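Residues per chain, in single letters:
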Amino acid sequence: MRHTPTLVLVGILLVGCQVPAPPPVMEAIPEVTTRPVPEPEPHEPSQRPLEADVEEEPKSTVSLALLDTAGQLAATGRTDEAVETLERAIRIEPRRGDLWLRLARLQFNAGQFTQAEQNARKGLLFLTPGGEEARDAWLLIAAAREALGHIDEARSIRERWGVFRG
């Protein structure tokens, strides 16, 4: 009990010696000035078809070289290496539908029908709807569906594109 007053006194001194934290520094907010936005000038709608307004992305020289290499590998029967090379090109330019379609063709020729169909469908996301490459992609999908035993689906796709097999 004898030490209690001393402890209380030390506690009071310690509390009294605490330095309060400084107030947070507020940076001055710059004044925002606004300018009126001019009204757009009215113009007549373009007579060109919508596809003409879409700009094609420039092709990477690296992906073009990989595409060429993949073609050479496929021509010499090195399909697995050609597939790997095309996959590298796709990682560089994943929005090129023609690369997806080439990959799908290689996979189809290698008997990988499910992968061929999946990659042809991915290619369709980036190909011009109704275009020649889109038609090729759909016909490849039809061939893959047929190879997987889905004859009616394949026939339906071919009828839609005006291609009939006997």
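In short, a report on the structure. None of the values given here were measured: they were computed from a predicted structure.

## What to know about the overall build of the protein
- When its secondary structure is counted, the protein shows 8 helices and 0 strands.
- The linear arrangement of helices and strands in the protein, starting from the amino end, is α-α-α-α-α-α-α-α.
- The proportion of buried residues among the 166 residues of the protein is 25%.
- Here the contacts in the protein between residues at least 6 apart in sequence split such that 45% fall between residues at least 24 apart.
- On the protein, roughly 13000 Å² of surface is accessible, and the fraction owed to carbon and sulfur atoms is 57%.

## Some words on the pattern of salt bridges
- Scanning the model with the defined rule gives 9 salt bridges in all.
- When the shortest N-O distance is used, the salt bridge between R96 and D98 registers 2.6 Å. Of the two residues examined, R96 and D98, each falls in the buried class.
- Two residues, R145 and E153, come together in a salt bridge whose shortest N-O distance is 3.0 Å.
- With relative accessibility at 12%, the residue R145 sits in the buried group.
- Classification of E153 as partly exposed rests on a relative accessible area of 39%.
- Each of the salt bridges in this network shares a partner with another, and the network as a whole consists of E117, R121, R145 and E153.

## Comments concerning helix α4 (residues 79–92)
- Helix length check: α4, at 14 residues, gives a terminal C-alpha distance of 20 Å against a target of 20 Å (1.5 Å per residue), a fit within 8%.
- Within α4 the residues assigned to the buried category are A82, V83, T85, L86, A89 and I90. Buried residues in α4, looked at end-on, bunch into an arc of 165°, giving them a common side. In α4, those exposed residues whose orientation departs by more than 90 degrees from the buried face are D80, E84 and R91.
- If you follow the buried residues of α4, they end up packed against α3 (61–75) and α5 (97–109).

Conventions adopted
Residues numbered from 1 in each chain as written. Predicted model: local features only at pLDDT ≥ 70, side-chain atom pairs only at ≥ 80, totals over all residues. Heavy atoms only, no water. Helix = DSSP H or I, 4+ residues; strand = E, 2+ residues; numbered from the N terminus. Buried < 20%, exposed > 50% of the residue type's maximum accessible area, 1.4 Å probe, protein only. Contact = heavy atoms within 4.5 Å. Areas by Shrake-Rupley, 256 points an atom, 1.4 Å probe, with all protein chains shown as cover. Salt bridge = Lys/Arg side-chain N within 4 Å of Asp/Glu carboxyl O. Expected span 1.5 Å × (residues − 1). Arc of directions from axis to C-beta.

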